[in-house]
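So the chains spell out like this:
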Amino acid sequence: MAKKAGGAYGLGFDKIINIILAIIPITSIILGIYRRVTTGHILGAVLNFFLAPLFWIVDLVTVLLDDKLVLLA
């Protein structure tokens, strides 16, 4: 059985790498959209595209606190 990739973006990075990627706005937006599409939350991906500054702040806080994306992910 294949091991599921962990971390906030589902790519198997360590927590510190996820925090660095979440701090940079463009990578956070791109990886947030990627994570939401791969988990099947298309509405979340579309909202992330249009409301990027709001999602960037929420994703940054959730990655810092839990190392997960919580809102529509």
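Worth saying up front: this structure is predicted, and the values here are computed from it rather than measured.

Caption draft 1: Here's a closer look at helix α2 (residues 25-38). With 14 residues, α2 ought to run about 20 Å at 1.5 Å a step, and its terminal C-alpha atoms sit 20 Å apart, in line with that. Taken residue by residue, α2 has Ser 28, Leu 31, Gly 32 and Arg 36 as its buried positions. Projected down its long axis, α2 carries its buried residues within an arc of 135°, all on one side. For α2, the exposed residues lying more than 90 degrees away from the buried face are Ile 26 and Ile 30. Contacts made by the buried residues of α2 are with α1 (15-23), α3 (42-50) and α4 (52-66).

Caption draft 2: Inspection of α4 at higher detail. Relative to the 21 Å expected for 15 residues at 1.5 Å per residue, α4 spans 20 Å between its end C-alpha atoms, a close match to the ideal helical length. Residue Asp 67 follows α4 closely and has a positive phi angle near 60°.

Caption draft 3: View of the packing of aromatic side chains. Applying the stated criterion across every chain yields a total of 1 aromatic pair. Between Phe 49 and Phe 50, the aromatic rings sit 5.1 Å apart at their centres with planes inclined by 85°, giving edge-to-face as the arrangement. Overall, Phe 49 belongs to the exposed group, its relative accessible area being 57%.

Caption draft 4: View of the packing of α2 against α4. Running from N to C, α2 and α4 cross one another at 85°; their axes reach a closest spacing of 10 Å. Judged by the inter-axis angle, α2 sits roughly perpendicular to α4. Across the interface between the two elements, Pro 25, Ser 28, Ile 29, Gly 32 and Arg 36 from α2 touch Ala 52, Phe 55, Trp 56 and Asp 59 from α4. Across the contact of α2 with α4, the residue classes break down as 5 nonpolar, 2 polar and 2 charged.

Caption draft 5: Quick look at the environment of Val 46. With respect to the helices, strands and loops of the structure, Val 46 is situated in helix α3. Note: C-alpha distance between Val 46 and Ile 57 (11 residues apart in sequence) is 16 Å.

Caption draft 6: Focus on the confidence of the model for the protein chain. Across the protein chain, pLDDT averages 87, with 93% of residues at or above 70. When pLDDT is averaged over each helix and strand of the protein chain, the minimum, 91, is found for α1 and the maximum, 94, for α3.

About the criteria used
Residues numbered from 1 in each chain as written. Predicted model: local features only at pLDDT ≥ 70, side-chain atom pairs only at ≥ 80, totals over all residues. Heavy atoms only, no water. Helix = DSSP H or I, 4+ residues; strand = E, 2+ residues; numbered from the N terminus. Expected span 1.5 Å × (residues − 1). Buried < 20%, exposed > 50% of the residue type's maximum accessible area, 1.4 Å probe, protein only. Arc of directions from axis to C-beta. Contact = heavy atoms within 4.5 Å. Phe/Tyr/Trp six-rings, centres within 6.5 Å; stacked < 30°, edge-to-face > 60°. Axes fitted to C-alpha atoms, helices over the stretch in contact; angles between N-to-C directions. Parallel < 35°, antiparallel > 145°, perpendicular 65-115°, else oblique. Nonpolar A, V, L, I, M, F, W, Y, C, P; charged D, E, K, R; others polar. pLDDT = per-residue confidence, 0-100.

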